[in-house]
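# Chains, contacts and geometry: an overview
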Amino acid sequence: MSRPPLNSPFLLGFDEIERALDRVTRSGSDGYPPYNIERLPRTENEPERLRITLAVAGFTRDQLDVSLEENQLVIRGRQAEDRERHFLHRGIAARQFQRAFLLADGMQVLGADLVNGLLSVDLVRPEPERVIKKINIIARD
């Protein structure tokens, strides 16, 4: 599916958005590993946040990498082939993956957690300060 370029004369300075859309459309869409994205409500101790949870059964903490590259959250998994084992049937393949999520400006990664084959990454967007700036009007006669 192609999308029209953002080259309208009324859309000035949207080059970054066009590059972001290009990155999203090029990202892998093979569906592995499956993931959820959920919104967690604000509590007394924590702000409202987003949680990305990936099903990474069979991966250890050392085989996973979570990094922030520019405005992308990139999650990689690498498993080495175990040559010493002799399988009669192999239905669980040692597999590599990379999942990338494009983050809006200001999003921060709070941390990552691996429990029972689920990798969770929490994100937050701090509340922006409300800025009101008074613009002086100069009278020229």
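Residues numbered from 1 in each chain as written. Predicted model: local features only at pLDDT ≥ 70, side-chain atom pairs only at ≥ 80, totals over all residues. Heavy atoms only, no water.

### Side note on the overall build of the protein
When you go through the protein residue by residue, the secondary structure sums to one helix and seven strands. Secondary structure of the protein in N-to-C order comes out as α-β-β-β-β-β-β-β. Residue burial in the protein is summarised as follows: out of 141 residues, 21% are buried. Across the protein, the fraction of contacts at a sequence separation of at least 24, relative to all contacts at a separation of at least 6, is 46%. Element-wise, carbon and sulfur atoms account for 50% of the exposed surface of the protein, whose accessible area totals about 11800 Å². (Helix = DSSP H or I, 4+ residues; strand = E, 2+ residues; numbered from the N terminus. Buried < 20%, exposed > 50% of the residue type's maximum accessible area, 1.4 Å probe, protein only. Contact = heavy atoms within 4.5 Å. Areas by Shrake-Rupley, 256 points an atom, 1.4 Å probe, with all protein chains shown as cover.)

### Some thoughts on unusual backbone geometry
Cis geometry marks the peptide bond from Y32 to P33; its omega dihedral reads -10°. Inspection of the secondary structure puts P33 in the loop between α1 (15–26) and β1 (35–40). Positive phi, close to 55°, is recorded for E70, a residue that is not glycine. The residue E70 is located in the loop between β3 (64–69) and β4 (72–77) in this model. Accessibility expressed as a relative area gives 70% for E70, which makes it exposed. Of note, the phi angle at N116 is positive, near 55°, even though the residue is not glycine. Here N116 lies in the loop between β6 (108–115) and β7 (118–124). Here N116 falls in the exposed class, since its relative accessible area comes to 77%.

### Observations concerning the sheet that holds strand β2 (residues 49–55)
Read from one edge of the open sheet, four strands run β1-β2-β7-β6, paired in antiparallel fashion. Two strands lie at the open edges of the sheet, namely β1 and β6, each paired on one side alone. Sheet twist, expressed as the mean angle between neighbouring strand axes with direction ignored, is 20°. (Pairing = 2+ DSSP bridges. Axes fitted to C-alpha atoms, helices over the stretch in contact; angles between N-to-C directions.)

### Here we look at the nonpolar core
With 14 residues, the main nonpolar core has V56, L73, I75, F97 and L123 as its most contacted residues. Secondary structure elements with two or more residues in this core: β2, β4, β5 (97–102) and β7. With sequence-adjacent residues up to four places away left out, L123 is seen in contact with R49, L50, I52, L73, L103, M107, Q108, V109 and L110. (Core = buried A, V, L, I, M, F, W, Y, C linked by side-chain atoms within 4.5 Å.)

### A word on the sheet that holds β5
Strands sit in the order β3-β4-β5 across an open sheet of three strands; the sheet is antiparallel. Single-partner strands in this sheet number two, and they are β3 and β5. Along the sheet, successive strands turn relative to each other by an average axial angle of 15°, direction set aside. The pairing of β3 with β4 spans six bridges and is antiparallel. Within β4, the position partnered with L68 by the bridge is L73.

### What to know about the pattern of salt bridges
Within the structure shown, the criterion is met by six salt bridges. The salt bridge involving R49 is made with E46; its shortest N-O contact spans 2.9 Å. (Salt bridge = Lys/Arg side-chain N within 4 Å of Asp/Glu carboxyl O.)

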